[in-house]
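Understanding the architecture of this molecule
The lines below spell out each chain.
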Amino acid sequence: MTRSPATPLPPPKARRRLREAAALTQAQLAARMGVARETVRAWESGRTTPRGRKREAYTKLLNTLAEEATARRAKPGPTASPEPAPVPVVVAVGAGSANASGEAADSLVLPAKPLDERRSDQGSSPVPEPGPEPKPEPEPAAERESGPGPRPEPTPEPTPAPTALTPAQAFDALYEFGAPALVRQTFLLTGRRELARESVERAFQVAWEHWPEVARDRDPVGWVRAVAYEYALSPWQRFRLRHRHPEPPPADHGDRTLLNTLLRLPPPHRRTLLLYDGVGLGLPETAAETEASTPATANRLLHAREAVADRLPELADPEVLHRRLAELASTERLRAARPPTVRMGSERRARFLTRAAIAFTVALIGTTALTLRTAPTHYEPPVSPGETVRGVPPKVAPGALSDEELELRQKLRDQLQDGPERLAPRPE
């Protein structure tokens with residue numbers, strides 16, 4: 001008995017890319033497959049693979065999505081030689097558009113699409129309504145007499161090449177998309193509105209300082225998100241005066257309970273729960289962003305879910321928990337600065353740090369020069385410490401003179417000032 005070979009499947013990253021290209025969520029794909037959302041997430045992360053009929057149906061669906069994506073990319077044109085497609089740069093849907101802030105206000109995470117499609121969406125103008133077709137002009141008599149003949153084909157108009165975005169424009173597009181969602185995520189992480197706004201702005205300032213690295217990253221929003229989370233969860237924040245006093249809690253009782261339950265979790269568990277059930281990252285991506293192993297991340301996620309379910313039993317379902325997190329983040333009025341303000345703040349900070357480094361270097365050079373100028377140029381031996389001299393009689397205070405001493409003193413005073421006369425020996 002022979003076993004038929006399993007139907008080949010694309011790699012896990014390709015599965016997720018095909019789903020995002022078709023603008024499908026994991027819940028929508030799970031509904032089409034008749035499975036749970038967790039199962040689709042496991043398929044796309046590579047933890048498990050479908051088997052049997054589910055594998056065949058999943059393969060057929062992915063092939064259909066790939067064909068639809070190929071058909072969307074194929075653009076009919078009169079030119080025979082296809083032009084090389086530009087390298088796609090992943091940015092947010094609606095970044096820079098008028099409704100970007102409205103979409104970001106109702107969700108914690110938004111899908112992404114290539115930059116060339118975004119430019120085509122921004123540059124497209126509304127299609128005019130179809131009007132009455134113009135009547136064909138009558139042909140000249142000479143052409144009618146000569147009969148039908150080959151007509152010259154119209155010259156195709158050259159397609160304008162897509163214009164590349166400047167670094168400032170690309171940064172502004174990334175900020176307008178990612179900042180609203182990141183502020184809401186950071187609010188769920190810290191429970192403080194001002195700290196959430198400050199953390200996201202600080203993360204984007206760091207991103208602008210390292211913009212060549214961020215622009216080449218596969219997930220620039222994830223790069224900024226990691227920096228914002230690290231800044232918001234820094235233990236030094238508790239020593240700041242502005243963050244010592246609690247902020248007003250949410251107005252709704254259910255929102256207050258959910259927020260207090262999240263804040264009672266340890267920071268690593270809270271971050272893991274937010275990334276996995278709030279943002280929708282896979283387990284390997286969550287482990288990589290939290291700098292932990294996959295088993296440790298899974299244990300953190302299980303403990304966090306148990307703690308939330310013990311306090312709020314209705315949130316035991318991950319789908320319900322995800323929806324409640326999005327609702328809690330959307331009810332708060334969280335604001336973010338404009339992109340030019342963030343860029344100018346980053347540049348001012350960079351200039352300040354540069355000038356401070358130059359001033360410190362100059363002060364260090366001046367101190368070194370002063371030390372070299374005032375330091376001794378030769379060796380001077382130290383003075384040896386004194387020693388105690390023993391056997392010296394103690395000092396005695398003078399007392400009253402005796403009669404003999406008084407007589408001697410008077411005799412010396414009565415003699416000549418130049419001294420006594422010369423003494424000569426007398427013979428006896």
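Note: the structure precedes this text.
Since this is a predicted model, take the numbers as computed values, not measurements.

Criteria and thresholds
- Residues numbered from 1 in each chain as written.
- Predicted model: local features only at pLDDT ≥ 70, side-chain atom pairs only at ≥ 80, totals over all residues.
- Heavy atoms only, no water.
- Phe/Tyr/Trp six-rings, centres within 6.5 Å; stacked < 30°, edge-to-face > 60°.
- Helix = DSSP H or I, 4+ residues; strand = E, 2+ residues; numbered from the N terminus.
- Buried < 20%, exposed > 50% of the residue type's maximum accessible area, 1.4 Å probe, protein only.
- Lys NZ or Arg CZ within 6 Å of the ring centre and 35° of its normal.
- Core = buried A, V, L, I, M, F, W, Y, C linked by side-chain atoms within 4.5 Å.
- Contact = heavy atoms within 4.5 Å.
- Expected span 1.5 Å × (residues − 1).
- Polar contact = N/O pair within 3.5 Å; in protein donor to acceptor, adjacent residues only side chain to side chain.
- Salt bridge = Lys/Arg side-chain N within 4 Å of Asp/Glu carboxyl O.
- 1 Å grid on protein atoms, 1.4 Å probe; cavity = no way out; pocket = protein on both sides within 12 Å on 5 of 7 lines; lining within 4 Å.
- Points joined across faces, edges and corners; volume = space filled by probe spheres on them.
- Nonpolar A, V, L, I, M, F, W, Y, C, P; charged D, E, K, R; others polar.

**Some remarks on the packing of aromatic side chains**
Counted by the stated rule, this structure contains seven aromatic pairs. Their ring planes at 75° and their centres at 4.7 Å tell us that Tyr175 and Phe204 sit as a pair that is edge-to-face. A residue pair is termed long-range when its members are at least 10 positions apart, and Tyr175 in helix α8 (residues 167–190) and Phe204 in helix α9 (residues 193–209) qualify at 29 residues. In terms of burial, Tyr175 and Phe204 fall into one category: buried. On the basis of an interplanar angle of 45° and a centroid distance of 6.1 Å, the ring pair of Trp208 and Trp211 is categorised as tilted. Residue classification places Trp208 among the buried residues on the basis of a relative accessible area of 18%. Given the relative accessible area of 11%, Trp211 is considered buried. Taken together through their ring pairs, the aromatic side chains of Phe171, Tyr175, Phe204, Trp208 and Trp211 make up a single cluster. The ring of Tyr276 carries Arg41 above its face, with NZ or CZ at 4.2 Å from the centroid. One cation-aromatic arrangement involves Arg343 over Trp208; the distance from NZ or CZ to the ring centre is 5.9 Å.

**Points about the nonpolar core**
One finds Leu188, Phe204, Val224, Leu258, Leu273 and Leu315 to be the most contacted residues of the largest nonpolar core, which totals 47 residues. Counting only elements with at least two residues in this core, the list comes to α8, α9, α10 (211–216), α11 (220–232), α12 (253–264), α13 (267–279), α15 (294–311) and α16 (318–331). Considering each element in turn, this core owes the most residues, ten residues, to α8. Ignoring sequence-local partners within four residues, the contact set of Leu273 consists of Leu262, Leu265, Gly278, Leu301, Ala304, Arg305, Val308 and Leu321. Among the nonpolar cores identified, the runner-up in size contains twelve residues, and Leu9, Ala30, Val40 and Leu65 belong to it.

**Some thoughts on α12**
The end-to-end C-alpha separation of α12 is 17 Å, in line with the 16 Å expected for twelve residues at 1.5 Å each. Among the residues making up α12, those that are buried are Asp255, Thr257, Leu258, Leu259, Thr261 and Leu262. Where the residues of α12 are buried, they touch α8, α13, α15 and α16. The opening residue of α12 is Asp252, an N-cap whose side-chain oxygen sits 3.0 Å from the backbone nitrogen of Gly254.

**Comments concerning the pattern of salt bridges**
For the structure on display, the rule yields 16 salt bridges. As a salt-bridge pair, Arg305 and Glu38 come within 3.9 Å of each other at their nearest N and O atoms. Of the two residues, Arg305 sits in helix α15 while Glu38 sits in helix α3 (residues 37–45), which places them 267 residues apart along the sequence. For Arg305, a relative accessible area of 22% corresponds to the partly exposed category. The salt bridge partner of Glu327 is Arg324, with a shortest N-O separation of 3.3 Å. Of this pair, Glu327 and Arg324 both sit in helix α16, separated by three residues, roughly a single helical turn. Glu327 sits in the partly exposed class, given a relative accessible area of 36%. Ionic contacts of the salt-bridge type, sharing partners, join the residues Glu38, Arg41, Asp277 and Arg305 into one network.

**Here we look at empty space enclosed by the protein**
In the structure shown here, the tally under the stated rule is one cavity of 30 Å³ or more. Computed from the structure, the largest cavity encloses a volume of approximately 40 Å³. Lining the largest cavity, in full, are Leu188, Leu262, Arg270, Leu273, Leu274 and Leu325. The element best represented in the lining of the largest cavity is α13, accounting for three residues. The residue inventory of the lining of the largest cavity, partitioned by class, reads five nonpolar, no polar and one charged.

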